[in-house]
Each structure stands twice: as C-alpha cells, then as structure tokens.
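A look at the structure
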Amino acid sequence: MRLWPYYTEYATEFDRVMSVRHALLALLCEGPKYGLQLRQEFEERTGEVWPLNVGQVYTTLQRLERDGLVESDGASDAGPQKGFRITSEGMEELAGWLRTPPDLSSPPRDELVIKVLIALHVPGIDVADVMQSHRRYLVELMQEWTRLKEYAADRDLGFALVVDAELFRLEAVIRWLDAADGRIKRAAVDGPASVTSGLPRLPKKAGVLR
Amino acid sequence: MTVLEMRDVSKVYGEGPAEVDALRDVSLTVDSGELVAVMGPSGSGKSTLLTIAGSLEQPTRGDVLVGGSPLSGMSRDDRARLRRRSIGYVFQDFNLLVGLTAAENVSLPLELDGIHAGEARAAATAALDELGLGERASRYPDELSGGERQRVAIARAVVGDRHLLLADEPSGALDSANGEAVMRLIRAACRRGVAGVVVTHDAQLASWADRVVFLRDGRIVDQTAPLPGPESLLASSQNP
Amino acid sequence: MSAAVQERAAGPAAPKAGRAPARRAMARWACRLFRREWRRQAFILVLLTLAIAATTVGLGVASNASNLKADPTFGTANSIITLPGSDQGLAGDIAAIRHRFGTVEVVAHQPVPIPGSVSTVDLRDESPRGPFGHVTLRLDSGRYPTGPGEVAVTSTVAKDFGLHVGGVWRAGGRTLRIVGLVENPLDLLDQFGLVAPGQLNPPANVSILLDTDQQSLDSFRLPSGSDLTTGRRSAAPRVQVETFVLVLCTLGLLFVGLLAVAGFTVMAQRRLRALGMLGALGATDRHIRMVMLASGAAVGATAAVVGTIVGLVAWVAFAPTLRTIAEHRVDVFALPWWAIAAAMLLTFVTAVVAAWWPARASARVSIVAALSGRPPRPQPAHRFAALGGVLLVGGVFLLALADQRRPVFIISGTAAAAFGLLFLSPLAIRALAAAGGRSRISVRLALRDLARYQARAGAALGAVTLAVAVAATIAVSASAAQTPSVAGNLPADQLLVHLSSAVNDLQGVPALSASQRQSATRGVEQLASAIHARWVLPLDVAYAPGSGTLSPQPGGAGQEGAHPGAAGGAGGAGGGYPTPALAKVTRIGPGEEVSFVANLYVATPAVLHHFGIPVTQVAGTTDIISSRRDLSGLQVFYPGDQGGPNRASSGIAKPTIQEVAQLPNYTSDPGTLLTSKALRTLGLQPIQAAWLIETGEPLTPTQIQTARNAAAAAGLYVETRNMQASLGALRTWSTAAGILLALGVLGLTVGLLRSETANDLRILAATGAGSGTRRALTGATAGALALLGALLGTAGAYAALLAWHHSDLSPLGHVPLVNLLLIVAGLPLLAAGAGWLLAGREPAMIARRPLD
C-alpha cells in the first residue's frame, strides 16, 4: 500500500487509459482468435500485472460485434469456442486510437506538489527535510523496480518497457524534487519575500489545483 | 567485512575568505559485496568524497581506512601501491590512455605492480572476455564506442584482486542502454565480492545500489533502508 | 578478506624484479604516444634534428677546413725567421739559431718566375717529415723527391708549365725531373716545387720554423750581424676562431635545450589528464617522470639518428663547395667520428634533460588537479624578470671582462645573457598584452593567450629572441669586420697588366723608352683582344721625371703578409722611378719603420670618368680619394731621389682623405687615388704603369694562360684574382641563414602555440567567426612574437657586442641599417603576413574533439 501515492496510473487506471475494447482489437489484428485464447493472450501481453475476468471479455466482444468492428464465426452463444475476426472498420478504429494522444494537457492531481507547497508555510517544518523523506522513499521505490529489471527484464520485453516507464516517471518526480530543492535554497538566499508571499496564484487555465 | 571505512572525514579547500568546506564529518562504511551509491546535487562534495576514499586526496580531518589500513600514515608511493593493488577507478568520460590497446589499458595496473607482461595480458584478456569485449582487446581507445570504452574501464578497475571499485558518474556520458549495461557490470563485480561506491546525481543510476547515501552541502543527510526482496513490489501492486 | 587486503596493502614493497615490467609498460606507452603524435612533437624533433645536422656539418668543416692547430705557412710552428740567401755566414747563423731555440726546421727557397705573370713559383727543399712543416705537404701522386735533380710540383705548376710526372722542368737555371705531384693541403693556392732537402744551393732565402715566444725572438741577434726578418703566426685571430666555434656550440646547445624544454612543457600539459589517470591507476611519481623522460629519449634518439644522417648527406654535398671557398684539402670521410658520436649522445642527453623539468613538474601536480586538466599556476612574471635582468647584466659584464679572448668568460657570459633574455620574455609578453588591451577582439585574444600560456609562450619567445640575436650578431659583426682584404686583390672578371713584375715592392715604375712604351701598349691591346675584353683602363702612377732610379732591392722588408718564399721579387725590370705610396710610418729610434698599406694610382680624368665620379665630387683640398675607411693616420710616403725605407721620407704627412664610395675596394684595383692637388704638392707627374682589363665573365684558366702568354711576349706581367671565392659571400650566406633560422623558429613556434589553441579556434568557428578572425588571430600571434623577439634579440645582440668591443667601439660605428631594419620591422611584418595567409583554412572537424 505504501506505493500508492506515487504508483498509480498503469495499474489502477488501466480501464480508463487503455480500454479492453482496443486491446482486444489489437489482439485480433494478428488473426482470428477464440474468446478464451483472447483472454489468455491479453494477460500474457500485459505482463500479468492486470488480471481480467472472463465476463468482461465477452461483454466487450459482443459490443464490438454490434458496432461492426469484429465478426464472429456465427456460433450463436458466446462460449469460449466462438471465433472472432477483425473487420476493416475495426482496423480503422484501432489505428485511430493508437495515434490519439493521451490527455496530458491537464495534469493529474499531484499530491506531492501540494504537500511541498503546504510545507513551505507550516511553521516548524523543514521543507528540505520533507522533500528528502519523499526523495528517499522514491529512490527506495526505484531500487525495487531496478532490482526487478535486473532479474527479469531480459526475459520479458513488455515487462521491461513497463518497468522503464515506472523508473522514468519516478525519476522525473525526483528531478522535480531536486529542482525544487535548488529553487527554494536560492529563494532563501535571495530574500525571504518570495517564500512568504503565500500560495502562488496560478493561471486558472492550467488548473493544477482543480 | 569492511573494505572502506571513512571516519568523520572533513575536507576544506582554500584558505581565509575563500575557504570552502567540501566535506563535513562524513562517515561511511562499505562492506565487501556491497554497492553504495552517493547521491547529491552538484557541489555537494560527491567527487571529493570519492577522491578521498581513493587516496587521491588527503582529508583535512578524519581517517580513511582501506582494507583496514589507515591512509593517513602512508607515503605517496605506498598510496600509489594501494591504488594499483586494491582500488579500481571508473571516471565519467576520460578513462583510457590513448596509445595503449584495450588489453594494455586493462593490464596496466598489473604491470605497474610488477607482474610480467604476459601474465598481466592474460589476466586482462580474461577480464575483457568476461565483459564480452574479447574481440575488441587489441583495439585502441579511439576505435571503441563510448559504451565499450566504459566497459574496458570497468574491466581495468576490477582486474587482478581489487576490493574497492570507485565510480564517478560512470554512465554520465552514455545513453540509457549503455548506462544500464555499465551498471549491470558494476553490480556483477559487487556480487563477486568487490565493495563498490558510485557517486552520481542520477536517481536511475543510484537505484542500482544496495544502499543510497544522500549528500548535501558536504554532509550525509539520509540513506535508504535496506532493500526488501523484489517480490514485495509485485505483491503490493497486485492488490491496490 | 579484509585480512588479505591489509596484508597486501601494508606488505613490503614489490620485489626488485617487479620494477622492470612497470618500466617497460611506461616506456611502451611513451613510445606508442611518440609514434602516434610525432607530428605534434615535430617542433622539438625538427630543432634537434637541425642542431645535430648542423653540428655534423660544422664538425666536418672544423676538422677539414680550419685546422686550428696548423697554418699553411707556419705549419705547427708559431714563429719564422727568414734569412737572405746573400748572408755570408748562413751556415753559422742557422747553427746559432738551432743552438738558441732547439728544434727548428730549415727550408731553403728559390722563386721561379712564371712567364707573363706577377706570380712566382716557390722552389723549396722542405722535408715531408719536418717537425713543423709536415702538415703543409701532401703527396697526390708519384713520390717525394729524394735525390739531386728531382722535383715534385703542385698540379697548378704542372699545368702552368705544361709538366707531367716523369717529364723534365727547366726552372731558374736548373734541370729537374718531375717525380711526383704534391700540394699544400692547408692552402691549395700555394704554388711550389719541392726538391729533396739540401738540394737548393745557394738559396734565394732561407726560412726557419720554430716555436718560441715574442720576446726571445725580438732579442735574438745573428752572430754574423746580418739582418734577419722575423714573423710570428698571428695568434689573435686563431683564438677568436676557436672561441667563436665554442661560443656557437654553447649557444646552439642552449638554444635547442631551451626550446626542447618549451616543447616538452607543452607536451606535458597536453598529457596532464593522462598522467593524472596514470596516477589514479597507482603509478608512482617515478613512473610518471619516466613517461616524460622516455618521451624525451624517444625524441632525442630519433633526432640524433635522423639528424646525423641528414648532416652527413649535407656534408657530402657541401664538401666540394667548401674546398673551393677555403682552398683547403677537404677529405669527405675524414670526419671526427668520435665527436659526431659524442654529438649524437649529447642530442639524446639534451632531449632527456629537457624533458626532466616538465617531467618533475607534472609528477608534482596533484592527481585531482591533473585529472581535471588544471595546470599548476605559473610563476609570477616579475620574479622571472628580475632574475632575467640580473643574468643579462651579468652576462654582458662577463663578456666585457672576457676582453675578446678568455673562453670561460665568453661562454659563461653568452650563456648568462641568453638565459637573461629568456627570463625577460614573460614580462615582455605581459607588457605587450597590457598594451594591446584596447585593440580589436582577435588581436586582444591572441595577446591574452600568449600571456595566459606563459610557460610555452615565454620559452617560444626566448627561442625567437635567441634566433634573432644570432642573426643580428652576425649582421653587425659582418658589417664591423668589413675590411678591404676581405674582397681579395681583384674581382674574378678583371686582370691587371703591369709593366713590372714586382708589383708591391718599392721597385718604382720602370724607366722605359718611348718605343718600349709603344710596344707595351700594343702588347696590352693584343692581350685584351685575345681574351675578348670589354674594356681596358690605363692606370697612371706619379713620378718625377728628373729623379734618379731606385736600386733593386732584395726582399720585401715591411711588406705585410707576403709568403716568405715569394717575397724575393722575381727578376723584373730592376730599378725604376720611385713612386709615392700610402704607408704607416712609425719612428723607431733614429730610423723609421714603413709599412705600405695601399698603392696609389693617379686620379686621372679617365679613371674618374670610368668609375662615374664627377670631377666636382672631389674637393679641392683633397689629397687622396679612396673607397677604404681604414686609412686615417696614414701618410703619403715618397722615397724621393735616393729612396729607401730607412731614409727620412718626403711626402705628405697628413693627407686629406676623402671617401668615395664609387671606387672599387679590391686591394689591387685603383681604389685609392692621388688627386691632382696632391700631385702638385709633391711636384710629380703621372706616368702610365698598368692597365685594368675587364672581360665581363669570370676569367677561365685558359684565358689566364692566354693572357700570360701574350704578356710574356710583350714583356708585361699579368695579375689575376688570387682567391677563388670571396669570404664576403660566406658572410652573406650566414646572415641569410641566421634570418632564415629566426623565421623558421618563429614559424614552428607559432604553429606550436596555435595548435594548442585549436579548441579556441573551434569555438570561435562555432560562434560564427569567419576566416578573417582566424587570420587575424594567427597573424597577431606570429607578429607579436616576432616583434618582441626582434626587439629583445637585437637589443641583446647589441649589448653583447658593445661589451665585446668595449675597448674599441669603432668597428660598431658602421651600423648595418638595412639588415637591422629587415630584422626589426621586416620579421614581424613577414611573420604576421605569413600567419594571416596560412590561417585561412577552416579547422578540420570543428565538431569533433579529439580523444585526449
């Protein structure tokens, strides 16, 4: 559970970020497949980090068929032996989705940033100390991911990519901490005015504090 | 089995108003088989810590013990002997002597220590083979890629019976793939019993270490907890 | 594990045998680096190579040409006594000399006239095994004469008289069989015939070679009471030649050594990071020093071998030229091999020693500083400057004390002055950088770079300064030493036809009848057409028609520099009318000693017109016009009626001498003329005595023979050039060589400095600086170094020369303005221009930084 504040997006928001719908379309690109096969392959491809229940797969397949993105081999009940094939509309849908940029324009709610901003104004709290405890935490996390990579990454390309993504993300947070550290230090040297001016008034549009 | 021990080491550069405290009362112990990363922003005294640990510089106060022997009582030549027998260095970008082939670069510390050329060359070739550079052994440094050069430097730092491997941003000038390869080699060396110290500002690099020590304004301010097994991470992620 | 580490680290030093691999590894690296970057070390390499090559050639010249121990006339003796053959108690006198001075060598002489020439052939009975004279004899073919009626001659004599080995020569009333060809290896122009000892009876005169001091020679009196002529080998110039060689040697070694230090300093700085890396790997200070020393050894060994080979090739090519210049026997393979080996060793040692200082310095730099490429802080310039000033003043003072002859003082003075100049150079660079603080950016950058890299810029400037000092010294000395004797008697394309064979003696002008005079004129015309002369200039001397004629004089007393054997005057027309001459007259007791300095021809309108001198140029009060500058204190000597050197003379005691540059400065040419005013003063009239003939092309031996034959038929005597090539040419060459040396050093230096700032150039190019900036940068560097070097070098050279000539500054009165201007102004301009021209090329691979 201790991972929770930082370790979020890929696992928990999987449904939102990558729909099962598109994942199944991607698997069907390789050729016609049975429902059961689809589920197994899905779990293999995602490094078994994200389990999927059977009902979810079949519901999604039915919707896809309804929308004309896949075709079934005609068997009436949606059993594990029913075969599926992607249609040309399905191919177009998949290609369009792959190229659609993720929604990065509105940054996620960032707990760490908020904590640091608040720490600046809480008397008796050393911001650098706060930041260091986060930093240590982050590095420990990265150590664990690195250890995973050291043992497993050679064997599983998909997993290695996921680990790299985690590492780079965590590193980015640490780098923000380092930069913030330097900025706060300089501000303290330049004069206290800039520190005590209250929470920064950010442009509404950025919506960091939404 | 402590290989490197630094006791309350301080280092002051310059004098008078230009005086700078590079290190203040730093204590650090590195055991055999352990890889320690020293992390800190630039100017935090990382490199000074490394050069003092490697006997390239003398601390202003405090003691450094390598393999149990204090450096303070040693003559210049004694320290040089210690370096060629027990300490291996890997620097960021400039590591190899031009004019010597990869194998000759690796065998140089052995030859300096009086081991005959043939024997030293055999040991060097073996070390390079181990790092997958066997067929590059007779190339000159300017015929090698950056990653290969850094790997040769690691081979040189561990060849013979070295106990202490000191690396200063060893993958700083490399892309991430080559940097990862370099760190894997350093880890492998540590697994064989070498005590390693890596100084860096790069968290990815530091995360390869067993223990990360945070340096700030010449002081050690924090360090990471001992690492749990790798399984813990997966376990935690499976039930959010 | 910890226990094992402790044991190794604290254990005893590696066994002795363990040192060899380390040494080998260091040497291997140094040699590999040398092989990789020998082009970068070309500076040192070229200089050392040039030095050893020059030394090799110099040793060849020294051992072959200027045999300092021997003299073509004196052999290895230092004194000579000449007795006239007319001496009644000759045998007794010789015995007395032998008794008084111990080892002596007696040589009898008899001159043999060459038909139609003023020259004579000296027939002598010298022994090839004589204690002093053996070095002046060499057998070319056949054998030495051993019995009566045998003779060996020189090849020139054989040609002049049409002789061959086995043939017969009728010489001066003797019939001699030719048994061999000989030469005087120290003077190939010495024309003589050699008979067996004791075969010249009676001789015209006898010369006795011996070793003694001036005082015993002066105090010696002959038992017969006869006059004796003594001569001493002039010691002064010999010592000067020796010291000159020594000084040059010192300077050269010093020079190359200093430059090598500069080069190795640069090399050490370039390798600083690698040396730091080596230290981090566990190399001891000794190992690090060894790398630099091994580099020095590699450079030294390469330079020694290549330089010696180059020098030997140059020597073989130069030897024939040297033979014609010096007229010495030059044996190409008679080189002092041990000295060349020593020079090679010295080159090697110089390189190693020069590498020592940078090696020591780089071993001392802390490893951390070395790894980050930070060189040690340079010593402050003013400390060097103070030392430099002291050294320069001390060196000049020592040179003054040396009094032109004490070698230790000369060498130490030269060395101190050179070091002083070197140590002053950093300050000079600082000053220039400060002066150029407001100039445009490229010039300012160049000057600041020079000041920042003081160690190498200072050494480089020192090198340029020394090179310029050498060039300036040569130029000023050459100008100071410019005396007429340098030029020789006549240019190669002129000949002089005399009425009398005794040109330089007090024989006067022959009293000829009108018809004799006419036939002589006709003879000259025929001679001139036979050799295709361009012009003929009749020359007059002054005489008094009413005076009596001189009685023939044996021996040319008081004449300077005549060969004792040739001095007798070979026949000729006997007594003639006395003529005036320019002479130095010294009063000795009741009599006078008269040394003749110059012949006096009459400044007839024809002569003046010929040399392009308008009559108005000669002032009305002038007695003498001359091209020579060394005539002050001389007087016009006229023997008068019953002339003779011991008689109180008439003449003009203090003639007004006017220098006229258009007149020729060869000794036999009409370079010193009596004006009509002097003729009036002396009451003399002109009379034709000689004809100057010019062909336009140097005379060939065939032409000379033709002229002699024609002259012999008409009863005339021909004088031709008696030296083959002029030493003046040699001087010109050395001036040019000195300036070339300075330029070469400058070029190498600028190349060295600019190669070091290649990074700057790269950055400049990256920030958009075009070729103009690059050109300006390089040009300014070269020009600044050249300007400073030229100023410092010229000043240093003048200081040294002033000290050298401090007792008599007159030789320095004539300043070679053109040469000095060329050095001080021309060198910097040339250097800046060359830098400008050569720096236009884009530096290769701007983006790529070579691996350190």
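Residues numbered from 1 in each chain as written. Chains lettered and ligands numbered in written order. Predicted model: local features only at pLDDT ≥ 70, side-chain atom pairs only at ≥ 80, totals over all residues.

Overview of the overall build of chain B
Helix and strand counts for chain B stand at eight helices and ten strands. Residues classed as buried in chain B amount to 56% of the 240 residues present. Here the contacts in chain B between residues at least 6 apart in sequence split such that 69% fall between residues at least 24 apart. (Helix = DSSP H or I, 4+ residues; strand = E, 2+ residues; numbered from the N terminus. Buried ≥ 20, exposed ≤ 12 C-beta atoms within 10 Å, placed from the backbone. Contact = placed C-beta atoms within 7 Å.)

A short note on the overall build of chain A
When you go through chain A residue by residue, the secondary structure sums to ten helices and three strands. Burial statistics for chain A: of 210 residues in total, 18% are counted as buried. Pairs at least 24 residues apart make up 53% of the contacts formed inside chain A by residues separated by at least 6 positions.

Considering the packing of helix 3 (residues 102-112) of chain B against helix 2 (residues 19-36) of chain C
Between helix 3 of chain B and helix 2 of chain C, the shortest axis-to-axis distance is 8 Å and the interhelical angle comes to 140°. Comparing the axis directions of helix 3 of chain B and helix 2 of chain C gives the class oblique. Taken together, the residues of helix 2 of chain C that come into contact with helix 3 of chain B (itself represented by L108, E111 and L112 of chain B) are P21, A22 and A25 of chain C. Residues that form the contact of helix 3 of chain B with helix 2 of chain C fall into these classes: five nonpolar, no polar and one charged. (Axes fitted to C-alpha atoms, helices over the stretch in contact; angles between N-to-C directions. Parallel < 35°, antiparallel > 145°, perpendicular 65-115°, else oblique. Nonpolar A, V, L, I, M, F, W, Y, C, P; charged D, E, K, R; others polar.)

Observations concerning the nonpolar core
One finds L128 and I186 of chain B together with L48 of chain C to be the most contacted residues of the largest nonpolar core, which totals 217 residues. The biggest single contributor to this core is helix 22 (residues 771-804) of chain C, with 16 residues. In this structure L128 of chain B touches A102, A103, V106, L133, G134, A137, V152 and A155 of chain B, once residues within four positions along its chain are discounted. L490, I625, L663 and A678 of chain C belong to the second largest nonpolar core, which has 56 residues in total. (Core = buried A, V, L, I, M, F, W, Y, C linked by C-beta atoms within 7 Å.)

Brief notes about the interface of chain C and chain B
Each partner contributes residues to the interface: chain C has 33 residues there, and chain B has 39 residues. Within the residue set of the side of chain C that touches chain B, elements represented by two or more residues are helix 1 (2-10), helix 2, helix 8 (272-280), helix 9 (285-326) and helix 11 (367-371) of chain C. Ranked by the residues each element gives to the side of chain C that touches chain B, the list is headed by helix 2 of chain C, at nine residues.

Some details on helix 22 of chain C
With 34 residues, helix 22 of chain C extends 48 Å between its outermost C-alpha atoms, agreeing within 8% with the 50 Å of an ideal straight helix rising 1.5 Å per residue. Counted residue by residue, helix 22 of chain C has 25 buried out of 34 residues, so it is predominantly covered. (Expected span 1.5 Å × (residues − 1).)

Focus on the sheet that holds strand 1 (residues 33-34) of chain A
Residue and element names in this part refer to chain A. Across the sheet, three strands lie side by side as 1-3-2; this open sheet has antiparallel pairing. A strand with exactly one partner marks an edge of an open sheet, and here the two such strands are strand 1 and strand 2 (70-72). With three bridges connecting them, strand 2 and strand 3 (residues 83-86) associate as antiparallel partners. Bridged to S72 within strand 3 is F84. (Pairing = 2+ DSSP bridges.)

A few points about the confidence of the model for chain A
All names here are of chain A. For chain A, mean pLDDT is 73; residues scoring 70 or higher make up 69% of the total. Confidence, read as mean pLDDT per element, is least for helix 1 (residues 9-12) in chain A (43) and greatest for helix 8 (residues 127-152) (87). In this model residues 1-17 is a low-confidence stretch, pLDDT under 50, and it forms 20 contacts with partners more than four residues away in sequence or in other chains. Residue range residues 194-210 is modelled with pLDDT below 50. Its contacts to residues more than four positions away, or to other chains, number nine contacts. (pLDDT = per-residue confidence, 0-100.)

So, unusual backbone geometry
Residue and element names in this part refer to chain B. A positive phi angle, close to 45°, is found at D25, a residue other than glycine. Mapping D25 onto the fold places it in strand 2 (residues 20-31). Overall, D25 belongs to the partly exposed group, with 15 C-beta atoms counted inside 10 Å.

Describing the environment of A54 of chain C
By the element assignment, A54 of chain C lies in helix 3 (residues 42-64). As for A54 of chain C and G307 of chain C, which are separated by 253 residues in sequence, their C-alpha atoms are 8.3 Å apart.

A few points about the pairing of strand 3 of chain A
All names here are of chain A. Here strand 3 shows a clear split, with F84 and I86 buried on one side and none of G83 and R85 buried on the other. One ladder, built from two bridges, connects strand 1 with strand 3; its direction is antiparallel. Along strand 3, the bridge assignment pairs Y34 with G83.

Let's talk about the sheet that holds strand 10 (residues 219-223) of chain B
Residue and element names in this part refer to chain B. The strand order across the open sheet formed by six strands is 6-7-8-3-9-10, and the pairing between neighbours is mixed. Of all the strands in the sheet, just strand 6 (87-90) and strand 10 have a single pairing partner and so form its edges. Ignoring which end each strand starts from, the neighbouring axes of this sheet average 20° apart. Contacting strand 3 (35-39), strand 7 (164-168) and strand 8 (195-200), helix 6 (residues 176-191) crosses the sheet at an angle of about 150° to strand 8.

Here we look at helix 5 (residues 54-66) of chain A
Residue and element names in this part refer to chain A. Look at helix 5: 19 Å from first C-alpha to last across 13 residues, which is about the 18 Å you get at 1.5 Å a residue. Taken together, the buried positions of helix 5 are V57, T60, L61 and L64. Here the buried residues of helix 5 occupy an arc of 105° about the axis, which is enough to place them on one side. Opposite its buried face, helix 5 presents the exposed residues G55 and R66, each directed more than 90 degrees away. Following helix 5 by one or two positions, G68 has its phi on the positive side, about 80°. (Arc of directions from axis to C-beta.)

Quick look at the packing of helix 16 (residues 514-530) of chain C against helix 19 (residues 701-714) of chain C
Residue and element names in this part refer to chain C. Their axes nearest at 9 Å, the elements helix 16 and helix 19 cross at an angle of 165°. Our classification of the angle between helix 16 and helix 19 gives roughly antiparallel. Every pair of crossing elements has a handedness; the one defined by helix 16 and helix 19 is right-handed. Of the residues in helix 19, those touching helix 16 at S519, A520, G523, Q526, L527 and A530 are T706, A707, A710, A711, A713 and A714. Grouping the amino acids of the contact of helix 16 with helix 19 by side-chain chemistry returns eight nonpolar, four polar and no charged. (Left-handed = near helix turned anticlockwise from the far one by under 90°.)

What to know about the pairing of strand 6 (residues 168-171) of chain C
Residue and element names in this part refer to chain C. Alternating residues of strand 6 divide into W169 and A171, all buried, and V168 and R170, none buried. Bridging between strand 6 and strand 7 (residues 174-183) involves four bridges; their strand directions are antiparallel. If you follow V168 over to strand 7, its bridge partner there is R177.

Let's talk about the environment of T621 of chain C
Residue and element names in this part refer to chain C. Relative to the assigned elements, T621 resides in the loop between helix 17 (605-610) and strand 18 (624-626). For the pair formed by T621 and I657, sequence separation is 36 residues and the distance between their alpha carbons is 9.2 Å. Once residues lying within four places of it in the same chain are set aside, the contact partners of T621 are T656 and K677.

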